[in-house]
Amino acid sequence: MKRFQQNIRKVVPYVPGDQPDFPDMIKLNTNENPYPPAPEVQEVLAKSNAEQMRLYPDPTAHQLNAAIAEAYGVEEAQVFTGVGSDDVLAMIFQTFFNSDLPILFPDITYAFYPVWCDLFRIPYEVQPLNEKLEIVPEDYYKPNGGIVFPNPNAPTGIALPSAAIEEILQHNPESLVVVDEAYVDFGGETVLPLLKKYENLIMVQTFSKSRAMAGERIGFAIGSVELIKALHDVKYSFNSYTMNRSALDAGTAAVQNAAYLQETTARIVKTREHTKQVLAEMGFRFPDSKSNFLFVTHPDCDAHELFEALREAHIFVRWFDSPRIRNYLRITIGTDAQMESLFAFLRAYLKK
Ligand SMILES: *Cc1c(COP(=O)(O)O)cnc(C)c1O
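Treat the numbers as computed from the prediction; the structure is a model and nothing was measured.

Novice: In this structure, what is going on with helix H7 (residues 225-236)? I would like to understand it.
Specialist: Helical geometry note: an α-helix holds 3.6 residues per turn, so side chains three or four residues apart project in the same direction. In a regular helix each residue adds 1.5 Å, so twelve residues correspond to 16 Å; H7 covers 16 Å between its end C-alpha atoms and thus fits that length. Elements that come into contact with the buried residues of H7 comprise helix H3 (62-72), strand E2 (79-82), helix H4 (84-96), strand E7 (201-206) and strand E8 (219-222).

Novice: Explanation requested: the pairing of strand E3 (residues 103-106) in the structure shown.
Specialist: Across a regular strand the side chains alternate sides, sitting on one face of the sheet and then on the other. When E3 meets strand E4 (residues 124-127), the two strands line up parallel, connected through four bridges. Of the residues in E4, the one forming a bridge with Pro106 is Gln127. After leaving E3, the chain enters helix H5 (residues 112-120) and then returns to the sheet as E4, a path that is right-handed.

Novice: Any chance you could explain the UniProt feature "modified residue: N6-(pyridoxal phosphate)lysine" (unreviewed entry) in the protein chain here in plain terms?
Specialist: According to UniProt, the feature "modified residue: N6-(pyridoxal phosphate)lysine" (unreviewed entry) maps to Lys209 in the numbering used here. Counting through the fold element by element, Lys209 comes out in the loop between E7 and E8. Relative accessible area serves as the criterion here: at 16%, Lys209 is assigned to the buried category. Setting aside its immediate chain neighbours within four residues, Lys209 contacts Thr30, Asn31, Asn33, Ala182, Tyr183, Phe186 and Asn292.

Novice: Teacher, can you tell me more about the UniProt feature "domain: Aminotransferase class I/classII large" (unreviewed entry) in the protein chain here?
Specialist: Mapped onto this numbering, the UniProt entry annotates "domain: Aminotransferase class I/classII large" (unreviewed entry) at residues 24-343. Across residues 24-343, the secondary structure splits into 36% helix and 13% strand, with the terminal C-alpha atoms separated by 16 Å.

Novice: Honestly, the side chain of Thr252 in this entry has me stumped. Any pointers?
Specialist: Inspection of the secondary structure puts Thr252 in helix H8 (residues 245-255). What makes Thr252 buried here is its relative accessible area of 7%. Contact partners of Thr252, with chain neighbours within four places excluded, come to Gln63, Leu64, Ala67 and Ala247.

Rules behind the numbers
Residues numbered from 1 in each chain as written. Predicted model: local features only at pLDDT ≥ 70, side-chain atom pairs only at ≥ 80, totals over all residues. Heavy atoms only, no water. Helix = DSSP H or I, 4+ residues; strand = E, 2+ residues; numbered from the N terminus. Expected span 1.5 Å × (residues − 1). Contact = heavy atoms within 4.5 Å. Pairing = 2+ DSSP bridges. Right-handed = clockwise from strand over helix to strand, strands pointing away. UniProt positions renumbered as here; feature names shortened; annotations may be inferred. Buried < 20%, exposed > 50% of the residue type's maximum accessible area, 1.4 Å probe, protein only.

What follows is the structure in structure tokens.
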């Protein structure tokens, strides 16, 4: 091997969910929102002018950060935005997880966390979920270089109550605790009110799920002015212009329509609760999800076989080839009509 080849950085990348493209498909595999974004987003995009593209966007993302600050009742200097929350989380890992002690996260969780640890050479130690697939707060009461978990957790959908998160914070005054609230709008409890009390807490959210803007790539973090300043310093050392013009405008329009967010998430929650009933009647078992997906298993069928059969029928769900969860499928909540098609398929499949 040549020296330049020896010097190539080897990483095992995160594998995102497939983006199949069939006209008749039912796509329940990447937790996208089945409804369109707020109507104002469409209006803003229709008015956009390609001539403006020759100009760089605002590196400070002022308009969007101010709109997020207004919507969440914080200072603009407490808001950091990035190209999806993946970008925000990657910046957080790089900025804050610089200890020799391992950072802690659950064994079953967002599969990107260990990938960033390897990429940034951050030591980590996974904490097994209990047999009910719940996070055990006590597992996080030990010396560590930082803590990160989604709430609700993915792919289980289980939400940790704020009181349990507060316990974790109280046991970790020396560590940064990152709560990834990608799904919080579907029924979890946000840590937003705890930010006033804990300087070592940072909250991360995304426009990809509840705001139906996965294709626009917008995520944000809210924390103390000190932490957000540190994040900006790292961002400006990497790429000043992360947020493009259309994301700044569309994101601002979306965050200003709280009523639409409320209405569409309520609709998805209603469909989710109905789906729980129907799937339970069919014999599926699943944790009590507070997110826009269910993590299901069935005593009489192999999850991977079912996954393949669904795929044949152009119904796409997610299966993880990972030891403890190999017999589970993660099913995104779609429209009522999409779920009815899923139920019809499953009824026929289980009768076989
Ligand atoms: C979807 C998701 C994200 C990232 O979403 P972006 O599209 O990058 O904003 C982050 N964390 C969890 C747990 C997710 O499920």
